[in-house]
Amino acid sequence: MKFLISLLVLACTSIPALAQVSSIVHKDEKRRYIVYTPAAYQSQPQRAFPVVFNFHGGGMSMAEQMLYTQMNKTAERHQFIVVYPQGIKQDWNVGFGMDYLAGTDDVGFTQAMLSKLKQDYRIDEQRVYATGLSRGGFFALRLAAELPQQFAAVASVGAPMPEPVRQHHRKTDKVGMLLIQGTADKVVLFEGKAASYLSAEDTFGYWRRHNGIEGAMPQPRQISGPAGDATQVSWLEQGAGGASVALLTVKEAGHTWPGADAFNVGLPIGQTTRAIDANEVIWDFFSRHRR
């Protein structure tokens, strides 16, 4: 996802008081990330907090992801830490446009961030999660495949399973999996793209099988938007052993974050549904999963 607005210069006055820009050196390159801590982090000094990694889309920055998704507000309500990492050249290595194994080591960067967060913050290691939009969603799926021992659950928005991730997936650990995809998405197609990524429905089936979920498929729950909103959410979820798999099909919605303010900037990325708030849905799903 390419955006025309650049927030690369991140002035201190533009960040909420409880968000800080941090950096580490990984593979001889300085990598940055924003950490948001809820007010409860200071008022409850004996408590360990869950952490959610929120990965930006391609062409975006960590600040744009923070401002667009507004996940800090949800973190404040439900008391978890949010981390917004910055990709090199505003991208993540999911095997598209770069070598899956020899390209940018974003998996190693994520592991290094997590190690540093454990040193600097009180992290509940059983409740570490990842989400992302578009390219960031693809990368969250890569983390589910490669680091299931560290991530209890993952939520991907506008990004089904990349073929390179599927081809390299060898770990057997179960991971909670939430998929949110718009049927009118013209950037990442709901029906998938040959040799690039699976369809949303095939991705649901893939993780359902991986997590050992069997039995008849339940009837999906239908959620309509408010007056004037033509979108509708079909919510399909199955669970086994604390590793549920859910597919939220957002009919008529585009390549957007459900419930967010419009961020189209003149680009044809489609409608944003008001039927659900992605942040609340994602946190509710995450809160039911522990490593």
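Every value quoted in this text rests on a predicted model; they were computed, and no experiment measured them. (Residues numbered from 1 in each chain as written. Predicted model: local features only at pLDDT ≥ 70, side-chain atom pairs only at ≥ 80, totals over all residues. Heavy atoms only, no water.)

## What to know about the packing of helix 4 (residues 106-120) against helix 5 (residues 135-146)
Stage number 1. Viewed as axis vectors pointing N to C, helix 4 and helix 5 meet at an angle of 75 degrees, and their least axial separation amounts to 11 Å. As far as their axial angle goes, helix 5 and helix 4 are roughly perpendicular. Side by side, helix 4 and helix 5 meet where Asp106, Val107 and Thr110 of the first sit next to Phe139, Arg142, Leu143 and Glu146 of the second.
Stage number 2. Class assignment for the residues of the contact of helix 4 with helix 5 results in three nonpolar, one polar and three charged. (Axes fitted to C-alpha atoms, helices over the stretch in contact; angles between N-to-C directions. Helix = DSSP H or I, 4+ residues; strand = E, 2+ residues; numbered from the N terminus. Parallel < 35°, antiparallel > 145°, perpendicular 65-115°, else oblique. Contact = heavy atoms within 4.5 Å. Nonpolar A, V, L, I, M, F, W, Y, C, P; charged D, E, K, R; others polar.)

## Overview of the nonpolar core
Stage number 1. In this structure, Phe53, Ile81 and Val83 are the most contacted members of the largest nonpolar core, which totals 52 residues.
Stage number 2. For this core, the element with the highest residue contribution is helix 5, accounting for seven residues.
Stage number 3. With near-sequence residues (within four places) excluded, Phe53 lies in contact with Val83, Pro85, Met113, Leu114, Leu117, Val128, Tyr129, Ala130, Thr131 and Phe151.
Stage number 4. The next biggest cluster of nonpolar side chains, apart from the first, holds 39 residues, and it includes Ala75, Trp235, Phe285 and Phe286. (Core = buried A, V, L, I, M, F, W, Y, C linked by side-chain atoms within 4.5 Å. Buried < 20%, exposed > 50% of the residue type's maximum accessible area, 1.4 Å probe, protein only.)

## Describing the pattern of salt bridges
Close approach of charged atoms allows side chains with opposite charge to pair.
Stage number 1. Applying the stated rule across the entire model yields eleven salt bridges.
Stage number 2. With its nearest N and O atoms 3.6 Å apart, the salt bridge here joins Arg288 to Asp284.
Stage number 3. Linked through salt bridges whose partners overlap, the residues forming this network are Glu237, Asp284 and Arg288. (Salt bridge = Lys/Arg side-chain N within 4 Å of Asp/Glu carboxyl O.)

## Thoughts on helix 8 (residues 278-287)
Stage number 1. With seven of ten residues buried, helix 8 is to be regarded as a mostly interior element.
Stage number 2. Inspection of helix 8 places Ala278, Asn279, Val281, Ile282, Trp283, Phe285 and Phe286 among the buried residues, and these make up the whole buried set.
Stage number 3. Regarding helix 8, its N-cap is Asp277, as a side-chain oxygen of that residue lies 2.9 Å from the backbone nitrogen of Asn279 further along. (Polar contact = N/O pair within 3.5 Å; in protein donor to acceptor, adjacent residues only side chain to side chain.)

## Things to note about the packing of helix 3 (residues 71-78) against helix 8
Geometry of a packed helix pair, given as the angle between the helix axes and the separation of the axes.
Stage number 1. Two numbers describe how helix 3 lies on helix 8: the axes approach to 9 Å, and their chain directions differ by 45 degrees. On the basis of the axis angle, helix 3 is oblique to helix 8. Judged by the sense of rotation from one axis to the other, the crossing of helix 3 with helix 8 is right-handed. Touching Met71, Thr74, Arg77 and His78 of helix 3 are Asn279, Glu280 and Trp283, all from helix 8.
Stage number 2. Broken down by class, the residue content of the contact of helix 3 with helix 8 amounts to two nonpolar, three polar and two charged. (Left-handed = near helix turned anticlockwise from the far one by under 90°.)

## Focus on the environment of Trp92
Stage number 1. Residue placement: Trp92 occurs in the loop between strand 4 (81-85) and helix 4.
Stage number 2. As a C-alpha pair, Trp92 and Arg166 span 74 residues in sequence and 16 Å in three-dimensional space.
Stage number 3. Not counting residues within four places of it along the chain, the set of residues in contact with Trp92 comprises Arg31, Phe55, His56, Pro85, Gln86, Gly87, Met98, Asp106, Phe109, Arg135, Gly136 and Phe139.
Stage number 4. Only 3.1 Å separates the side chain of Trp92 from the backbone oxygen of His56, close enough to count as a polar contact.

## Some details on the environment of Val107
Stage number 1. Mapped onto the elements of the fold, Val107 is located in helix 4.
Stage number 2. Val107 sits in the buried class, given a relative accessible area of 7%.
Stage number 3. As for Val107 and Arg221, which are separated by 114 residues in sequence, their C-alpha atoms are 35 Å apart.
Stage number 4. When sequence neighbours within four positions are dropped, the list of residues in contact with Val107 reads Phe139, Arg142, Leu143, Glu146 and Leu147.

## Considerations on the environment of Arg135
Stage number 1. For Arg135, the position within the fold is in helix 5.
Stage number 2. According to the relative accessible area criterion, Arg135 is buried, its value standing at 15%.
Stage number 3. Placed 78 residues apart in sequence, Arg135 and Gly57 show a C-alpha to C-alpha distance of 4.7 Å.
Stage number 4. Setting aside anything within four residues of it in sequence, one finds Arg135 in contact with His56, Gly57, Gly58, Asp91, Trp92, Val94 and Phe96.
Stage number 5. A distance of 2.6 Å separates a polar atom in the side chain of Arg135 from the backbone oxygen of Phe96.

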